[in-house]
Amino acid sequence: MFYIRMDGELNFAPWEEEMKRINVLKGLLASTAMIAVAESAVAQDWGSFEGVTIEAKLIGGEQYEGLYARIADWEAATGAKVDIISKKSHFEIDKEIKSDMAAGTTSWCVGSNHSSFAPQYEGLYVDLNELVPAETIAEFVEGNINASTVGGELLMLPRAQFDVSVLYYLKSNYEDADKAAAFKAEYGYDLAVPDTWEQVKDQAMFFADPPNFYGTQYAGKDEAIVGRFYEMVVAEGGNYLDENKKPIFNSDAGQRALQWFVDLYTAKAVPAGTTSYVWDDLGQGFASGTVALNLDWPGWAGFFNDPESSKAAGNVGVAVQPMGSVTRTGWSGHHGFSVTSDCANKEAAASLVMFLTSEESQLAESAGGSLPTRTAVWEANVAAAKAGDDAFRAESLAAFAEGAKYAFAVPPIPEWGESTNLVFPELQAAIVGDKTVKEALDDAAAAVDELMQESGYY
């Protein structure tokens, strides 16, 4: 488990001291949109790589694209060029990378990576401890660096995409006296922003008016549904694997967790297509203004409250993720960039990775709502929100700061991704009613048990 915490608490360095160091006080206090002034204030030598072309495979999607506009600045500073040869969702990038590894075609240089996926790519990426100065590594949140390290090797540098999900909601639903009265009459308690997953289920069913409006939604395939199920199992007091790596999610806690997804689908409180949804589908769904409650990542915050991209803008509230029977959900991880072992110019590739994860890049990327992985940038964002007049940004950061206290990663094993490919069809089968909850979980656990045995864990 890792948190964005300093000295055991969310204690932030004095704002004045931080701004003396990066010399951008006026811009940050005015607005997080003014963060770009840091680029000129903190010049850095990225090296000279005239004539070098770095091929990169990067994650694509609404919340990730803004950072890539800065690549032109690195090209101008170094004389090198970047050729983005693939840009897809991380699930698709993962499949492509594994295909490259099998075919021996890994001479491209920079790849998007994720703390949940990194243990799978044995031998693909270099140890960045050999290419990145120790003082640079020390500027990142220690927990993020630890989660980026596999077998003692630092396999990626974290970008400003630390992920733990909190609850976005439409505020207007809690400002309607008639709805409040009707809800209390039906469920016996006051209508308020939900603090438990049982309350989320009640409210999602109450608010739903399909096909025009839905109470909530969830990602329903690939690792996405397994990750959501995993965190619900933990919130119910269970776990995915035991200390010997044996699957234990087909427990009472696992059955309660999966039943939550089934009940919402059966009640038509979620869209019929939710079993095919992944992250972009959820983001666009909530931004359409037709979903009441949405557990989602920090990178969507700015998008949801931007009137140019979201019909929900101005009506979005943000709260800490709800409780299960035992604790709050908190599946987390972070994105980053890695350098391949077969790259012909590792120094240039490492320079690009350091640029994309630099203080200036993280200031710019986190301005859109994502959470940084550098200590100074986290401090600057919180202080700027407190000092400025962006109430939504301050509310979002406060919710994610609280949510980060409950963050936990997936099991740090190479087989995590492969196991999710075995589990998600079984979860889907239960959700759509093809199997009972117990049948689906028992079948999934049997498949993962076989995988773990084949991998030599027991």
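Residues numbered from 1 in each chain as written. Predicted model: local features only at pLDDT ≥ 70, side-chain atom pairs only at ≥ 80, totals over all residues. Heavy atoms only, no water.

**Q** Sorry, what's going on with the sheet that holds strand β1 (residues 53-59) here?
**A** In sheet architecture, strand pairing relies on hydrogen bonds along the backbone and comes in two forms, parallel and antiparallel. Taken together, five strands build an open sheet; the order of strands is β2-β1-β3-β10-β6 and the sheet is mixed. Each edge of the open sheet is held by one strand with a lone partner, namely β2 (81-88) and β6 (157-164). Ignoring strand direction, the axes of neighbouring strands in this sheet form an average angle of 20°. Judged from the five bridges that link them, strand β3 (residues 110-114) and strand β10 (residues 332-339) form a sheet pairing that is antiparallel. Bridge pairing in β10 links S112 to F337. (Pairing = 2+ DSSP bridges. Helix = DSSP H or I, 4+ residues; strand = E, 2+ residues; numbered from the N terminus. Axes fitted to C-alpha atoms, helices over the stretch in contact; angles between N-to-C directions.)

**Q** I'm lost on the state of the cysteines in this one. Help?
**A** Disulfides are covalent bonds that link the sulfur atoms of two cysteine residues. Within this structure, the stated rule accounts for one disulfide. Linked covalently through their sulfurs, C109 and C343 form a disulfide whose S-S length is 2.1 Å. Every disulfide takes its handedness from the sign of the S-S torsion; for C109 and C343 that torsion is 85°, giving right-handed. Here the residue C109 occupies a position in the loop between α5 (90-103) and β3, and C343 occupies one in the loop between β10 and α14 (346-356), the gap between them amounting to 234 residues. Pair check on accessibility: C109 and C343 agree, each one buried. (Disulfide = S-S within 2.5 Å. Buried < 20%, exposed > 50% of the residue type's maximum accessible area, 1.4 Å probe, protein only.)

**Q** How should I be thinking about the packing of aromatic side chains in this particular structure?
**A** A ring pair, where both rings are aromatic, is described by two values, the distance of the centres and the angle of the planes. This structure, assessed with the given rule, holds 30 aromatic pairs. Ring geometry for Y218 and F261: centres 4.9 Å apart, planes at 85°, overall edge-to-face. Of this pair, Y218 sits in the loop between α9 (197-207) and α10 (222-235) while F261 sits in helix α11 (residues 252-266), and the two are 43 residues apart along the sequence. Residue classification places F261 among the buried positions, given a relative accessible area of 2%. Taken together through their ring pairs, the aromatic side chains of Y169, Y174, F183, Y187, Y189, F206 and F207 make up a single cluster. One Lys or Arg, R328, reaches over the ring of Y406 and ends 5.8 Å from the middle of that ring. If you follow R374 out to its NZ or CZ, it ends over the ring of F140, 4.4 Å from the centre. (Phe/Tyr/Trp six-rings, centres within 6.5 Å; stacked < 30°, edge-to-face > 60°. Lys NZ or Arg CZ within 6 Å of the ring centre and 35° of its normal.)

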